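Summary of the model geometry
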Amino acid sequence: MQYLSNLWADAHGAILEYLVQPLMFRIGLTTYYEDVGAAVELVMLGATQILVILCVFRPIERGWSGERWSDPRPVRVDVTYTLLNQLGLLPLLVFVVMLPLVDELLDMTRLHGFVLPTVEQLVPWLGRNPLALFLVYFAAYDFAGYWMHRLQHALPWWWALHSLHHSQRQVGVWTDNRNHVFDDILREIWLAVVAILIGVEPGQYVGLILATRLIESFSHANVRFGFGRVFDKIVVDPWFHRTHHALASPAEPHIHDRNFSAVLPIWDILFRTAVYDYKPRPTGVDDPGVDADNALGWWGQQVAVGKRLGAAIAATFARQRTSRAT
Amino acid sequence: MENPYICNGRAGIVAALLRGLAAFVVVLGCAGHGGSGVSAQEIETAIVLNSEEASVSVVDRKAMVQTHKFTVGREPHHIILTPDGRDLVLASTVTNELLFLDPATGIERRRIRNIVDPYQLGYSPDGKWFVTAAFRLHHVDIYEAKDFRLAKRIFIQSLPSHMAFDKASKTVFVTLQGTNSIVAYDLATQAELWTAPVGEAPAGILVLPDQKSLLVGLTGEDAAVVVDIEKRAVTKRIPTGRGAHNIFPMPGGKRILITNRIENTISAIDLATLSVVDTFHVSGGPDDLDFTPDGKQFWVTQRFRRKVAAVDMATRQVLGTVAVGRSPHGIFINGPHTVLRTVEPPAPAGKRP
């Protein structure tokens, strides 16, 4: 573990030292050298995730595949999402949109002397036990993710965005990144605010994000096995998450409103949204308008979902006007 | 809150362990609370602030290992001695705090809150004023050092970075990275005296011994510049290396070292001729440094490598590196100092001179 950690630090340092910092100096942005390290690390995280998917998750999917897929095109679109998101779009969003927003919020509160206590200030023992601190952050982060996910399903305008993720009929390890850009922005802002509120120690942030992303990727895997009836209560496995992607039917109209947890199924168990019946189900959505996403490429999906979002917001306003009139 | 990792064990045992088995000091030393303990000045440590990790590393300089690390606030960047030399003042930038630590062990002794965004900090030479530069929140705070009462908060455009005081403790000079200039404030009245453009992204600043000029490192360029205080203008440019950053007076007071973060070098400038007379090569974006008590080495933080490097000044060789935490920034070397410092710690009574 220490070897991997050192390897990561060396690679990060070398990229900054030999590539990024000289470039920033050349284009006159040296003042911002403190900030660019985080962006470089996000790209590294994305590259690592892609490498793990290619070298570990995909061979597992090929060896123990669950469903047989006839059309490779929608999967290729998901690959495009993953490459774009992890190597460019997400780091850019975080660096250009999220960090400035978060900094502004933090600066405003700090200037007025308002500073939230960190977790290790509240419980000093955690400050001396990095692993325990990591687990606390991990649980808090995942808990926040659970409730965000429930809102994605409960709010019509947010479902209009998030339904793109569910429209895939061939769910596999690449599907995790199939999201509308605006959905990604909202998700990053949500999680960043949570990170501020709980005061995630920056040194642990990388591990937190990497662990979460890898587990989320694998939970989408098209495989015919889970982690067993004990471990699948501890960590979300492909069986558990496949139920969340299940195609709704007259018998189970809200089956996709179950199993929201991204990493720790305890939240679904606690809030009574867990389903552990191990039934194989087809994936996708029962709304033909949303299902039509599968015929589109990356750009087509972004446009179509943008329109869907507009329609959902318009419908919400219309409903409000109607209820006021009556 | 004391750091429970650090305990004063019995002198002989701990001193021996520090030499050979530094990594085990934490565990073994904790077994023996009480006792006379080791004098702070006898422990040869380097205290390193890992700015992106919210932690402090305590390094055993003899064994060249990090003995322990503890979490502290958020974004600790810089560290200085109090005028009496008894405490190290650590600025935790994002949590708006100053932590007062034992210079040898890093044990926290007390904490002052509501010091807003203390990115850079300094005492005036007479010890009367305490000044902070809030890099991100664009202001300079001038406090009365005796009780940390805020005398004045001065909002300024923009990115106040490093600072230097004149010998008479009348003026503080602050570099402004966002406007490529420096500003001078009268400490007694806290009034702005003047500003002057100096070059791209000015950072480290030093009042030269004649008290008539300033030396400023230009991080956005490859040089340091000399600024005439009376003329308020650049009078000389000294090419050093890309990313010229922070400035440190060398032992003896005749030379200074300036770190060149992008060039990965450290230049020695002779203060009489104001020219580069030596160059040290240290990779990893060298940033802050401090000298060993014998004046033969300096230890420098390697921001991109998550390490600190020990450099022999005679041979110009890197003697070794020690892994610490993410983005190590400020560094303080503990010991009975014989070298020139901004504030000299007092020699321990009955010990070395």
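Conventions used here
- Residues numbered from 1 in each chain as written.
- Chains lettered and ligands numbered in written order.
- Predicted model: local features only at pLDDT ≥ 70, side-chain atom pairs only at ≥ 80, totals over all residues.
- Heavy atoms only, no water.
- Helix = DSSP H or I, 4+ residues; strand = E, 2+ residues; numbered from the N terminus.
- Buried < 20%, exposed > 50% of the residue type's maximum accessible area, 1.4 Å probe, protein only.
- Contact = heavy atoms within 4.5 Å.
- Areas by Shrake-Rupley, 256 points an atom, 1.4 Å probe, with all protein chains shown as cover.
- Pairing = 2+ DSSP bridges.
- Axes fitted to C-alpha atoms, helices over the stretch in contact; angles between N-to-C directions.
- Buried area = accessible area lost by both parts, 1.4 Å probe.
- Salt bridge = Lys/Arg side-chain N within 4 Å of Asp/Glu carboxyl O.
- Polar contact = N/O pair within 3.5 Å; in protein donor to acceptor, adjacent residues only side chain to side chain.
- Nonpolar A, V, L, I, M, F, W, Y, C, P; charged D, E, K, R; others polar.
- Phe/Tyr/Trp six-rings, centres within 6.5 Å; stacked < 30°, edge-to-face > 60°.
- Lys NZ or Arg CZ within 6 Å of the ring centre and 35° of its normal.
- Expected span 1.5 Å × (residues − 1).

**Brief notes about the overall build of chain B**
- Tallying secondary structure elements over chain B gives 2 helices and 28 strands in all.
- Among the 353 residues that make up chain B, the fraction classed as buried is 64%.
- Partitioning the intrachain contacts of chain B with sequence separation of at least 6 by distance along the chain shows that 40% fall at a separation of at least 24.
- As displayed, chain B offers around 13100 Å² of accessible surface, 52% of which is attributable to carbon and sulfur atoms.

**Section: the sheet that holds strand β2 (residues 55-60) of chain B**
Residue and element names in this part refer to chain B.
- Strand order across the open sheet formed by 4 strands is β3-β2-β1-β28, with antiparallel pairing between neighbours. Looking at strand neighbours, the two that pair on one side only are β3 (65-71) and β28 (328-333), the edges of this open sheet. This sheet shows a mean twist of 20° between the axes of neighbouring strands, independent of strand direction.
- In this sheet, β28 lies alongside strand β1 (residues 45-50) in antiparallel orientation, the contact comprising 4 bridges. Within β28, the position partnered with V48 by the bridge is I331.

**Considering the interface of chain A and chain B**
- Contacts between chain A and chain B engage 36 residues on the former and 48 residues on the latter.
- Summing both partners gives a buried area of about 3400 Å² for chain A against chain B, and 53% of it is carried by carbon and sulfur.
- There are 4 salt bridges connecting chain A and chain B.
- Across the chain A-chain B interface, the total number found is 11 residue pairs in polar contact (both at pLDDT 80 or more).
- For the side of chain A that touches chain B, the secondary structure elements donating two or more residues are α1 (2-26), α2 (33-63), α3 (73-111), α4 (119-122), α5 (124-127) and α9 (202-219) of chain A.
- Residues of the side of chain A that touches chain B, tallied by class, amount to 14 nonpolar, 12 polar and 10 charged.

**Observations concerning the packing of aromatic side chains**
- The full count for this structure, using the stated rule, is 25 aromatic pairs over all chains.
- Residues A:F143 and A:F271 carry aromatic rings whose centres are separated by 6.1 Å and whose planes lie at 35° to one another, so their mutual orientation is tilted. Taken together, the positions of A:F143 in helix α6 (residues 130-154) and A:F271 in the loop between α12 (266-270) and α13 (288-291) put the pair 128 residues apart, joining distant regions of the chain.
- What makes A:F143 partly exposed here is its relative accessible area of 32%.
- Residues B:F291 and B:F298 carry aromatic rings whose centres are separated by 6.4 Å and whose planes lie at 75° to one another, so their mutual orientation is edge-to-face.
- Ring-pair connections join several aromatic residues into one group, and the members of that group are A:F143, A:Y146, A:W147, A:F260, A:W267 and A:F271.
- Positioned above the aromatic ring of A:Y276, the side-chain terminus of A:K233 is 4.2 Å from the ring centre.

**Looking at helix α14 (residues 298-325) of chain A**
Residues and elements named next belong to chain A.
- Between its terminal C-alpha atoms α14 stretches 41 Å, which fits the 40 Å expected from 28 residues at 1.5 Å a residue.
- Taken together, the buried positions of α14 are Q301, Q302, V305, R308, L309 and A312.
- For α14, the secondary structure elements touched by its buried residues are α3, α7 (156-166), α8 (181-198) and α13.

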